[in-house]
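Below, each chain spelled out in residue letters.
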Amino acid sequence: MLLSDYSNNYFYLQFNTRILNFHLQNTFSELSARSSKDNIGDRLLPKKYMASHYLNYQVSDKLSFGLYESVIFSRENHFEFQYLNPVILYRTVEQFLDSPDNALLGFNMKWIPKNNYQLYGQLMIDELKTSQAFSGSGWWGNKIGYQLGVKKFDLFGISNLDLQLEHNSARPYTYAHRDEDTTVRPVTSYSHYNQSLAHPYGANFRETIVKLKYHPMPKLYLQGLFLHSDYGTSLTENVGRDILANYETRVSDFGNVTGQGSSNIVKALHLNASWELLPNYFVDFTYINRNQSVEDSPSILTNYFGFGVRANVSSRRLLL
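Predicted model only: the values in this text are computed from it and were never measured. (Residues numbered from 1 in each chain as written. Predicted model: local features only at pLDDT ≥ 70, side-chain atom pairs only at ≥ 80, totals over all residues. Heavy atoms only, no water.)

Colleague: I'd love a proper account of the overall build of the chain, names of residues and values included.
Modeller: Per the secondary structure count, the chain includes two helices and 15 strands. Compactness check: the chain gives a C-alpha radius of gyration of 22 Å against a globular reference of 20 Å for 320 residues, within 12% of the reference. Dimensions along the principal axes, computed over C-alpha positions, put the chain at roughly 60 × 60 × 50 Å. For the chain, buried positions account for 39% of its 320 residues. Put simply, 59% of the contacts in the chain that link residues at least 6 apart link residues at least 24 apart. Counting only carbon and sulfur atoms, one obtains 58% of the accessible surface of the chain, whose full area is about 18,800 Å². A gap of 8 Å separates the mean positions of the 29 positive and 29 negative side-chain charges of the chain. (Helix = DSSP H or I, 4+ residues; strand = E, 2+ residues; numbered from the N terminus. Rg over C-alpha atoms; globule rule 2.2 N^0.38 Å. Buried < 20%, exposed > 50% of the residue type's maximum accessible area, 1.4 Å probe, protein only. Contact = heavy atoms within 4.5 Å. Areas by Shrake-Rupley, 256 points an atom, 1.4 Å probe, with all protein chains shown as cover. Lys, Arg positive; Asp, Glu negative; His and termini not counted. Charge placed at Lys NZ, Arg CZ, Asp CG, Glu CD.)

Now the structure itself:
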């Protein structure tokens, strides 16, 4: 919900600083405002930039907290050097610049309450109006996303049998931004190459994942995953799922709920078996069953069978 590896590759410069139990990570990235599909002719893709940092505090071996913030901005042919400040809250810099940039704030937590259990969660705040946060009015500007999860290791006392439960959700218009011209897509959406920098669904969704992993013998790895998601779409109105759309074209200021629009329900089952044929060389067998139910439309059923050979290449530093 904060930053994922879903979008296309991009160039970045990253610094890591560790002092006692604190870990500060600063990342400065060059992103593409559009994809090649929208860039007609032999021209460079228009650029935009992201400056972000993540501060993690390791309270103990069993508890850690993290603070994440990021700003997406566009300048003509240059980086905004004021965002090179490694520690100050970017919202302060943004207000000082009187800029149209998109600033986001996130929180992260991991906790091991007892042996073989782990709880974790994330909260992304794109925009929040405190007077409307708990009013129940459905104010469009309460743009937040969250993740809650639990892991149980050695389930039922069976060694190497692990269970993971996770729930993700993002309100309508989260990660989206604005432009004075409502006919164009804002450059400052939380995206790269027309793909989300966070969750693949974008916004206006709920998702629950159940994952089982089992390692019954040294060379055999089994994994099963079940996913249930619900998101809202519309072909004619901006109901809040498309993070590339200008949020000034929203359907309403009030009455917005997660999943609004035409309901899409996806149920997917993913089974995978891997056999380590040689050290770091695997043979994989995969089966995927996916059923998508679209409101007032026929369901879409997909079955996929896969077979592959995979090599894990270890990264090793060469000291010359």
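Colleague: Can you lay out the side chain of Thr 286 for me, pointing to particular residues and giving the numbers?
Modeller: Relative to the elements of secondary structure, Thr 286 occurs in strand E14 (residues 281-294). For Thr 286, the side chain forms a polar contact with the side chain of Asn 272, separated by 2.9 Å. Among residues more than four places away in sequence, those in contact with Thr 286 are His 270, Leu 271, Asn 272, Tyr 304, Phe 305 and Gly 306. (Polar contact = N/O pair within 3.5 Å; in protein donor to acceptor, adjacent residues only side chain to side chain.)

Colleague: Any details on the packing of aromatic side chains? Residues and values, ideally.
Modeller: This structure, assessed with the given rule, holds 18 aromatic pairs. Taking 5.1 Å as the distance between ring centres and 80° as the angle between the ring planes, the aromatic pair formed by Phe 73 and Phe 79 counts as edge-to-face. Both residues of the pair, Phe 73 and Phe 79, belong to the buried class. Relative to Tyr 173, the ring of Trp 140 lies with its centre 6.5 Å away and its plane at 85°, an arrangement referred to as edge-to-face. Of this pair, Trp 140 sits in the loop between helix H2 (130-133) and strand E7 (143-152) while Tyr 173 sits in the loop between strand E8 (161-170) and strand E9 (191-192); the two residues are 33 residues apart in sequence, bridging distant segments of the chain. The same class applies to Trp 140 and to Tyr 173, which are both buried. An aromatic cluster of three or more residues is present, and its members are Phe 15, Phe 28, Tyr 49, Phe 73, Phe 79 and Tyr 83. The ring centre of Trp 140 lies 3.8 Å from the NZ or CZ of Arg 250, which sits over that ring. (Phe/Tyr/Trp six-rings, centres within 6.5 Å; stacked < 30°, edge-to-face > 60°. Lys NZ or Arg CZ within 6 Å of the ring centre and 35° of its normal.)

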